[in-house]
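As a plain string of letters, each chain reads:
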Amino acid sequence: MQTLFLTIWFANLGWFNEPKNDTVYVKVLGKVDKTTIKVVTSSIERFWKLPCKTVIGCQPTNDILSRSGTRLSASKILKKFDSDRSTLIITDQDICHLKKSGREWGILGLGYR
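Here the residue index of a chain counts from 1 through its sequence in written order. Reporting of local features is limited, given that this is a predicted model, to residues whose pLDDT is at least 70; pairs of side-chain atoms are given and counted only at 80 or more, and all residues count toward the totals for whole chains, interfaces and linings. Excluding hydrogens and water, the side-chain values take into account all heavy atoms of the structure.

Bringing the overall build of the protein into the picture now. The way it works is that DSSP assigns letters per residue, a run of H or I at least four long becomes a helix, a run of E at least two long becomes a strand, and they are numbered from the N terminus. Scanning the protein from N- to C-terminus turns up two helices and seven strands. Helices and strands appear in the protein in the N-to-C order β-β-α-β-β-α-β-β-β. Note on contacts: a residue pair qualifies if any of its non-hydrogen atoms lie within 4.5 Å across the two residues. Here the contacts in the protein between residues at least 6 apart in sequence split such that 71% fall between residues at least 24 apart. In this description, accessible areas are obtained by the Shrake-Rupley approach with a 1.4 Å probe, and a residue is regarded as covered only by the protein chains that are shown. Counting every atom, the protein has about 7,000 Å² of accessible surface; 52% of that belongs to carbon and sulfur.

As a further point, take the environment of Gln 93. Along the polypeptide, Gln 93 turns up in the loop between strand E5 (86-91) and strand E6 (95-98). Each C-alpha atom of the pair Gln 93 and Leu 29 lies 8.6 Å from the other, and the pair is 64 residues apart in sequence.

In this section: the sheet that holds strand E7 (residues 104-106). The pairing criterion for strands is at least two bridges between them, as found by DSSP. Spatial strand order, E4-E6-E7: three strands in an open sheet with mixed pairing. Two strands lie at the open edges of the sheet, namely strand E4 (72-73) and E7, each paired on one side alone. The pairing of E4 with E6 spans two bridges and is parallel. Residue pairing in the sheet places Ser 73 in a bridge with Cys 96 of E6.

Before going further, it helps to examine the pattern of salt bridges. The salt bridge criterion pairs a side-chain nitrogen of Lys or Arg with a carboxyl oxygen of Asp or Glu, the two atoms within 4 Å. Tallied over the entire structure, the rule returns one salt bridge. Between Lys 80 and Asp 63 there is a salt bridge; the shortest N-O distance is 3.2 Å. Linking Lys 80 in helix H2 (residues 74-80) with Asp 63 in the loop between strand E3 (52-58) and E4, this pair joins segments that are 17 residues apart in sequence. Taking relative accessible area as the criterion, Asp 63 reaches 45% and is therefore assigned partly exposed. Think of it in three bands: residues with accessible area under 20% of the maximum for their type are buried, residues over 50% are exposed, and the middle band is partly exposed, with areas taken using a 1.4 Å probe on protein chains only.

Val 24, Val 26, Val 28, Val 32, Ile 37, Val 40, Ile 44, Trp 48, Leu 50, Cys 52, Leu 88 and Ile 90 form the largest nonpolar core, which has 12 residues in total. Contributions of two or more residues to this core are made by strand E2 (24-29), helix H1 (34-48) and E5. Here this core gets four residues from one element, more than from any other, and that element is H1. Judged by nonpolar contacts, the second largest core, of 10 residues, contains Leu 29, Cys 58, Leu 72 and Ile 89. The nonpolar core is taken to be a set of buried Ala, Val, Leu, Ile, Met, Phe, Trp, Tyr and Cys residues, with the residues joined through side-chain atoms within 4.5 Å.

Put into structure tokens, the structure is as follows:
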């Protein structure tokens, strides 16, 4: 079963309405299927009429693991890959966000505006 989690994507759709430049950088974190990458990039190009550049080969590291060590922390991913460029990070791994209660919640995406 193929799993795809998008970081920054769904929580941040409005961000692309005023891009900081004319290119969206799609950073692939982990082993995301090539077909999935193509669907994501072609969707961006079709819908927002913006070119995409794909950055492949980034592997998850221990510094972005959640407290439990079983998922990637969305907030740590955002901090590590923060950029002035319009960036979409996609991964094949579970991601989570830490609630105020201290519990991890699985999420589909998280982003900055």
